[in-house]
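Secondary and tertiary structure notes
The residues making up each chain are set out below.
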Amino acid sequence: AELGRQAAAIISQIRNVVIEHEEELGKLDAIAGDGDHGIGMRRGVDAAATAGDAAHGSSAKGVLSAAGEAWSERAGGTSGALWGSAVIAAGQSLGNRESYSAQDAAAAVEAFANAITELGKAEPGDKTMVDALLPFRDAFLGELDGGNPLDRALAVAAAAAESAAAATAELRPLKGRARPLAEKSLGHPDPGAVSFALIAARVSQFID
Ligand code: ADP
Ligand code: MG
Ligand code: MG
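A brief report on the enclosed structure follows.

How each quantity is defined
- Here the residue index of a chain counts from 1 through its sequence in written order.
- Chains and ligands are labelled by the order in which they are written, letters from A for the one and numbers from 1 for the other.
- For this predicted model, a pLDDT threshold of at least 70 governs which residues receive local features, and a threshold of 80 or more governs which side-chain atom pairs are given and counted, while totals over whole chains, interfaces and linings are taken from all residues.
- For the side-chain quantities, the full set of heavy atoms in the structure was used; hydrogens and water were omitted.
- Listed donor atoms are N, O and S within 2.8 Å of the metal (Na, K and Ca: 3.2 Å). As water is not included, a site may look incomplete.
- For every residue, the accessible area obtained with a 1.4 Å probe (protein chains only) is divided by the maximum for its type, and the residue is called buried under 20%, exposed over 50%, and partly exposed between those limits.
- Between the rings of Phe, Tyr and Trp (Trp by its six-membered ring), a pair exists once the centres lie within 6.5 Å; its type follows the angle of the planes, with under 30 degrees stacked, over 60 edge-to-face, and the other angles tilted.
- Starting at the N terminus, helices and strands are each numbered in turn, a helix being any DSSP run of H or I of at least four residues and a strand any DSSP run of E of at least two.
- Note on terminology: near, applied to a residue and a molecule or strand, indicates that one of the residue's heavy atoms is within 4 Å of it.
- Polar contact is defined as a pair of N or O atoms within 3.5 Å, subject to the rule that within protein one atom must be able to donate a hydrogen and the other to accept it, and that residues adjacent in sequence are counted only when both atoms are side-chain atoms.
- Only the protein chains shown count as cover for residues, and all accessible areas are computed by the Shrake-Rupley method using a 1.4 Å probe.
- Residues are grouped as follows: Ala, Val, Leu, Ile, Met, Phe, Trp, Tyr, Cys and Pro are nonpolar; Asp, Glu, Lys and Arg are charged; every other residue, Gly included, is polar.

Before going further, it helps to spend a moment on the coordination of the magnesium ion (ligand 2). Protein coordination of the magnesium ion (ligand 2) is provided by D29 (OD), D34 (OD) and D36 (OD), with donor distances spanning 2.0 to 2.2 Å. Written as a sequence motif, the donor residues of the magnesium ion (ligand 2) are D-x4-D-x1-D. The metal-metal distance between the magnesium ion (ligand 2) and the magnesium ion (ligand 3) is 3.5 Å, with D34 serving as a donor to both. Residue classification places D36 among the partly exposed positions, given a relative accessible area of 32%.

Before going further, it helps to examine the packing of aromatic side chains. Counting across every chain of the model gives six aromatic pairs. Note on W71 and W83: the rings are 5.0 Å apart at their centroids and 5 degrees apart in plane angle, and the pair reads as stacked. In this pair, W71 is assigned in helix α3 (residues 60–75) and W83 in helix α4 (residues 77–94), connecting sequence segments 12 residues apart. Of the two residues, W71 and W83, both sit in the buried class. Ring plane angle 35 degrees and centroid distance 6.0 Å describe the contact between W83 and F196, whose orientation is recorded as tilted. Pair noted here: W83 is in helix α4 and F196 is in helix α9 (residues 191–207), with a separation of 113 residues, a long-range link. Taking relative accessible area as the criterion, F196 reaches 4% and is therefore assigned buried. By way of ring pairs, the aromatic residues W71, W83, F112, F136, F140 and F196 are connected into one cluster.

All right, on to the site of ligand 1 then. With respect to spatial proximity, 19 residues lie near ligand 1, and among them D36, T78, S79, M129 and D190 are the closest. With respect to ligand 1, the side chain of D36 contributes an N or O atom lying 2.8 Å from an oxygen atom. One of the side-chain N or O atoms of H37 is found 2.9 Å from an oxygen atom in ligand 1. Relative to its free-state accessible area of 570 Å², ligand 1 is covered by the protein chains to the extent of 95%. Residue assignment for the shell around ligand 1 shows that the elements contributing at least two residues are α4 and α9. When residues of the shell around ligand 1 are assigned to their parent elements, the largest contribution, four residues, is made by α4. Across the shell around ligand 1, the residue classes break down as five nonpolar, eight polar and six charged.

Written out as structure tokens, the structure reads:
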């Protein structure tokens, strides 16, 4: 259950970075949304961390299924449902492995991204977390394809997510609650893209 233990440790890192940025994410969501992105992510990831710890001794799949279910259930809101389903999908991809190869990591990231695009149906440019997620995925897979080690692939992908999240400031929201106030959102990045990039950066630091 070594990989399950690592998965729980990563969820706990995600919890830390969400707590550090909870207020900032709420303020960002208040510009054109309903202001609950910080508290929603906090509630979701708190529940996920508790459920992940409670599943200790279990496989990556066991830990991430429990964490993802708790995340969806407790977060409320769009981002919570998306994060929860993505965490579950990554866990299903890793299954009962005791360790993972670069290929396994690539498959888990793909499963994570597919869960979000399949459930949320946002397209690139809609100004959602997808605008940070897909550049992250593409950079990660590209680096691994080029034979680069996992820590480097993660660092490059996290940097890609960060600049892509910043670039959402120029977009008008076409999905989610911010859509009716699209004009207000101009000049400000999408909250879900920003939280994704923050989390990617923290996970990358943790895994290196
Ligand atoms: P809610 O919008 O329900 O209040 P949050 O505030 O927690 O939920 O999350 C808002 C974020 O969710 C947005 O900034 C955006 O990144 C993301 N989001 C909204 N709709 C979608 C969607 N259909 N697909 C992907 N991400 C989405
Ligand atoms: Mg919101
Ligand atoms: Mg809401």
